[in-house]
Protein chains: 6
Amino acid sequence: MDDRYERGLRKLGEIDGKQGEQIVAALQDIAPDFARYIVEFPFGDIYNRAGLDLRTREIATVAALTAMGTAPTQLRVHIHGALNVGCSRTEITEVIMQMAVFAGFPAALNGLAAAKTVFAERA
Amino acid sequence: MDDRYERGLRKLGEIDGKQGEQIVAALQDIAPDFARYIVEFPFGDIYNRAGLDLRTREIATVAALTAMGTAPTQLRVHIHGALNVGCSRTEITEVIMQMAVFAGFPAALNGLAAAKTVFAERA
Amino acid sequence: MDDRYERGLRKLGEIDGKQGEQIVAALQDIAPDFARYIVEFPFGDIYNRAGLDLRTREIATVAALTAMGTAPTQLRVHIHGALNVGCSRTEITEVIMQMAVFAGFPAALNGLAAAKTVFAERA
Amino acid sequence: MDDRYERGLRKLGEIDGKQGEQIVAALQDIAPDFARYIVEFPFGDIYNRAGLDLRTREIATVAALTAMGTAPTQLRVHIHGALNVGCSRTEITEVIMQMAVFAGFPAALNGLAAAKTVFAERA
Amino acid sequence: MDDRYERGLRKLGEIDGKQGEQIVAALQDIAPDFARYIVEFPFGDIYNRAGLDLRTREIATVAALTAMGTAPTQLRVHIHGALNVGCSRTEITEVIMQMAVFAGFPAALNGLAAAKTVFAERA
Amino acid sequence: MDDRYERGLRKLGEIDGKQGEQIVAALQDIAPDFARYIVEFPFGDIYNRAGLDLRTREIATVAALTAMGTAPTQLRVHIHGALNVGCSRTEITEVIMQMAVFAGFPAALNGLAAAKTVFAERA
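Residues numbered from 1 in each chain as written. Chains lettered and ligands numbered in written order. Predicted model: local features only at pLDDT ≥ 70, side-chain atom pairs only at ≥ 80, totals over all residues. Heavy atoms only, no water.

## Looking at the overall build of chain A
As a reminder, the rule being used: A run of H or I in DSSP becomes a helix once it reaches four residues, and a run of E becomes a strand once it reaches two; helices and strands are each numbered from the N terminus. Atoms counted for the radius of gyration: C-alpha only. Globule rule: 2.2 Å times the number of residues to the power 0.38. Throughout, exposure labels follow a simple rule: accessible area from a 1.4 Å probe, protein chains only, divided by the maximum for the residue type, with under 20% read as buried, over 50% as exposed, and the rest as partly exposed. Contact between two residues is taken to exist if any of their heavy atoms lie within 4.5 Å; hydrogens are not considered. Every accessible area reported is derived by Shrake-Rupley at a probe size of 1.4 Å, with residue values counting cover from the shown protein chains alone. All tallies of charge rest on Lys and Arg as positive and Asp and Glu as negative; His and the ends of each chain are not included. For the purpose of locating charges, the reference atoms are NZ of Lys, CZ of Arg, CG of Asp and CD of Glu.
The helix and strand inventory of chain A stands at six helices and zero strands. Helices (α) and strands (β) of chain A occur, in sequence order from the N terminus, as α-α-α-α-α-α. Computed over its C-alpha atoms, the radius of gyration of chain A comes to 15 Å, within 12% of the 14 Å expected for a compact globule of 123 residues. Once the C-alpha set of chain A is aligned to its principal axes, its extents read approximately 45 × 35 × 30 Å. Buried positions account for 63% of the 123 residues belonging to chain A. The contacts in chain A between residues at least 6 apart in sequence include a share of 68% that link residues at least 24 apart. Total accessible area on chain A stands at roughly 4300 Å², and carbon and sulfur atoms take up 51% of it. Mean positive and mean negative side-chain charge positions of chain A (13 and 15 charges, respectively) differ by 4 Å.

Below is the structure:
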């Protein structure tokens, strides 16, 4: 456990709050090393970099996960994350709608349904 | 040809400059209506919306196209577009690198190669 | 609201019946403009075009959504749609089976499961 | 070599003409059994089935390959195939344009570029 | 029904046990020919080939389905299959973790969740 | 530069030889940190793990990249890598052919074409 892990854990908490802890906890019995990698590389290395603020990073992630359409659970986590770091609901729905252009209307529709679920969870 | 087309054409020019004109021109013999749709919906409707600034929209598009990995030509066009609307090279390489987390290292590597090509074209 | 919206709404009703209304209604609180875009572009512009009859358009859509595998909800809606515009159950299962060749057996298996659900809903 | 192979070879010739022979020939040194499987399963089993005419089968294939965006070579082969079995250029461009709705504008743009190439090859 | 079907059925039973029978049975009312194709081509032709042992074949399948992310049901079936033919839980979680490199962390996370479900079902 | 980097570099050399060095070198001007991440996470963390031998890891990677179809350059690199760590040509073509079952015939055909190119490069 080095510095990457510590700073990754702080960044994960900053973005995902308790959901981040739950993701890490759920991996402990099946793949504890993978729980560590998730803290270290995505959050310790990438999300900790300068050059792009956290809000823009979460916008990029919501865009990518909406467009890919293969990770609905992670999309919801990162819609929460985007809100946690200061993105507005409008910004999130705008970026999801925009994905209709690049990945098709079903991708955007499924992204909007995810946003609707997340917004309701926080109401 | 209504207002959507006119405002779409202005937005397309703002983002893509001459490349936008070329994309539209290349469609004239095979699918002229589709050339019109591209101006109207993505640029006249979506990119003209309030709620998300153009720089953030282009970041989201570069993220999505890098993650999808199926549209290398359009990725290069939108890296140019991101630079045209004021994104820095650093912001673009940061968002592409981040895609390694969500879509894998090959997607990010191919995105960085696209950025390298685009940066060289503008040198 | 112009002519595109009106003719899109008629086409959406022709293909999807009440399901189309529900999709549009479900978007009203989160992204009302997107509800309008769905009526206008896919149904007002594309599905209203001459050059391809509605049955063939729905076959193409069922093929694409089965192959992509990322939009199971929309696949079921369009299997209903294909039946609504006159495709037979045999034609639908044939096009889904054919996708095993192009997108693999799991894609076709999941498409057949969707068709089975839809056929049962209409029994 | 049984009946499936013979009827597959006839079907492959009917759809792809000399291109079909070339695909099979190109596999002889690296994977001769796979050359046989391509003749037997996609063409001997699937494309030979009743329940969907060849023109509709090729429309479905062009739709799927355009939407997937991962097989540009096979997309061009099947645009040729669609024309060989009697689809019009208009039908082909219509189905490709429609994919903008389900898989995004880049997928449709790349499909139209493939169609443009194929139409030029036949001029 | 020829030799391919018989040897495919034996191979399917060897890999998937009762689950294989259920998949085939579930297709009988909607697409009985497709049930036969699944036995014949994937299991009768491909999985029966020499040149790669069954354990390695199941590793390759778990890798592919994890990376694609579009077939969660089939991924669980093949994690069962991998265990049935002698892969260890460690080998399966290793190959799924490795997919983070090539298809992104969400793909690996969803794969690990599938493995966790399967391991619990066998407990 | 810690231990992860050193052991990653050794593993990268073991799998990819000079090609690995070239991939790292090509990133130096555009994204030097990403060059470091590639050495550290995929090769220093994942490929260095016990629990799965290198040959099986490369089989899994070739399977995944063939099935995804979005990273043809990386597929060729890892076909070289598979051969470098001791996989036979037969094993590689077997795993690629098997992907026809899970990702469709075009994915397998494109994978076989990549293998043919790589085998010729080593002749």
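## Some points on the packing of aromatic side chains
The relation between two aromatic rings is expressed through the spacing of the ring centres and the mutual angle of the planes. Stated formally: Centres within 6.5 Å are what make two rings of Phe, Tyr or Trp a pair, Trp counting through its six-membered ring; a difference in plane orientation under 30 degrees is then read as stacked, over 60 as edge-to-face, and the rest as tilted.
In total, this model carries 39 aromatic pairs over all chains according to the counting rule given. Ring geometry for Phe43 of chain A against Tyr47 of chain A: centres 5.2 Å apart, planes inclined by 20°, an arrangement best described as stacked. With relative accessibility at 6%, the residue Phe43 of chain A sits in the buried group. Judged by relative accessible area, which is 2%, Tyr47 of chain A ranks as buried. Aromatic rings pair up to connect Phe34, Tyr37 and Phe41 of chain A, Phe105 of chain B, Phe105 of chain E together with Phe34, Tyr37 and Phe41 of chain F into one cluster.

## Some details on the interface of chain D and chain F
This is how it is decided: Using a 1.4 Å probe, buried area is obtained as the accessible area two parts lose upon being combined, added over both of them. By convention in these notes, a salt bridge is any Lys or Arg side-chain nitrogen within 4 Å of a carboxyl oxygen on Asp or Glu.
At the interface, 15 residues of chain D touch 15 residues of chain F. Taken together, both faces of the contact between chain D and chain F bury some 1200 Å²; the carbon and sulfur share is 77%. Applying the counting criterion to the chain D and chain F interface returns one salt bridge. Secondary structure elements with two or more residues in the side of chain D that touches chain F: helix H2 (18-26) and helix H3 (32-46) of chain D.

## As for the environment of Gly20 of chain E
Mapping Gly20 of chain E onto the fold places it in helix H2 (residues 18-26). Counting along the chain gives 19 residues from Gly20 of chain E to Val39 of chain E, while the straight-line C-alpha distance between them is 9.2 Å.

## Concerning the nonpolar core
How we decide: To define a nonpolar core, start from buried Ala, Val, Leu, Ile, Met, Phe, Trp, Tyr and Cys residues and group those joined through side-chain atoms within 4.5 Å.
Counting 306 residues, the largest nonpolar core has Phe34 of chain A, Phe34 of chain B, Phe34 of chain C, Phe34 of chain D, Phe34 of chain E together with Phe34 of chain F as its most contacted members. If we ignore the near neighbours within four places in the chain, the residues touching Phe34 of chain B are Leu27 of chain B together with Met97, Ala100, Phe105, Ala108, Leu109 and Leu112 of chain D.

## Focus: the relation of the copies chain D and chain F
Test applied: C-alpha atoms of residues with pLDDT of at least 70 in both copies form the basis for the least-squares superposition of the copies.
Superposing chain D onto chain F takes a rotation of 120° plus a shift of 0.0 Å along the axis, which leaves an RMSD of 0.0 Å. Here the symmetry operator amounts to a three-fold rotation axis. Looking at the rotation axis and the C-alpha trace of chain D, the residue lying nearest is Thr70 of chain D, at 3.6 Å. Interface overlap between copies: only 7% of the residues of chain D at the interface are likewise at the interface in chain F, consistent with a contact formed by different surfaces.

## A look at the relation of the copies chain A and chain B
After a rotation of 180° and a shift along the axis of 0.0 Å, chain A superposes on chain B with an RMSD of 0.0 Å. Read as a symmetry element, the transformation amounts to a two-fold axis. Most of the interface of chain A is mirrored in chain B, where 100% of its interface residues are also at the interface.

## Points about a negative patch on the surface
For clarity, the cut-off: Residues enter patches when their relative accessible area tops 30% and they take part in no salt bridge; the joining distance is 9 Å for like charges and 5 Å for the nonpolar side chains Val, Leu, Ile, Met, Phe, Trp and Tyr.
On the surface, a cluster of negative charge is made up of Asp2 and Glu6 of chain A together with Asp2 and Glu6 of chain F. Note on placement: Glu6 of chain A falls in helix H1 (residues 3-26).

## Observations concerning the state of the cysteines
Two cysteines form a disulfide when their sulfur atoms are joined by a covalent bond. Where we set the bar: What counts as a disulfide here is a pair of cysteine sulfur atoms lying within 2.5 Å.
Scanning all chains against the criterion turns up zero disulfides over all chains. Just so you know, Cys87 of chain D is unpaired, no disulfide at all, and the nearest cysteine sulfur is the one on Cys87 of chain C, 15 Å from it.

## Regarding the interface of chain A and chain B
As a reminder of what qualifies: Here a polar contact is recorded for every N or O atom pair within 3.5 Å, except that within protein the pair must consist of a potential hydrogen donor and a potential acceptor, and residues adjacent in sequence are included only if both atoms are side-chain atoms.
Contacts between the two partners involve 30 residues from chain A, matched on the other side by 30 residues from chain B. Carbon and sulfur atoms make up 74% of the area that chain A and chain B hide from each other, which totals about 2500 Å². In terms of surface lost to chain B, no three residues of chain A exceed Glu94, Gln98 and Phe102 of chain A, which account for 24% of the buried area on that side. The interface formed by chain A and chain B contains four salt bridges. Across the salt bridge formed by Arg49 of chain B and Glu94 of chain A, the nearest N and O atoms sit 2.7 Å from each other. Taken together, the connections running from chain A to chain B amount to 10 residue pairs in polar contact (both at pLDDT 80 or more).

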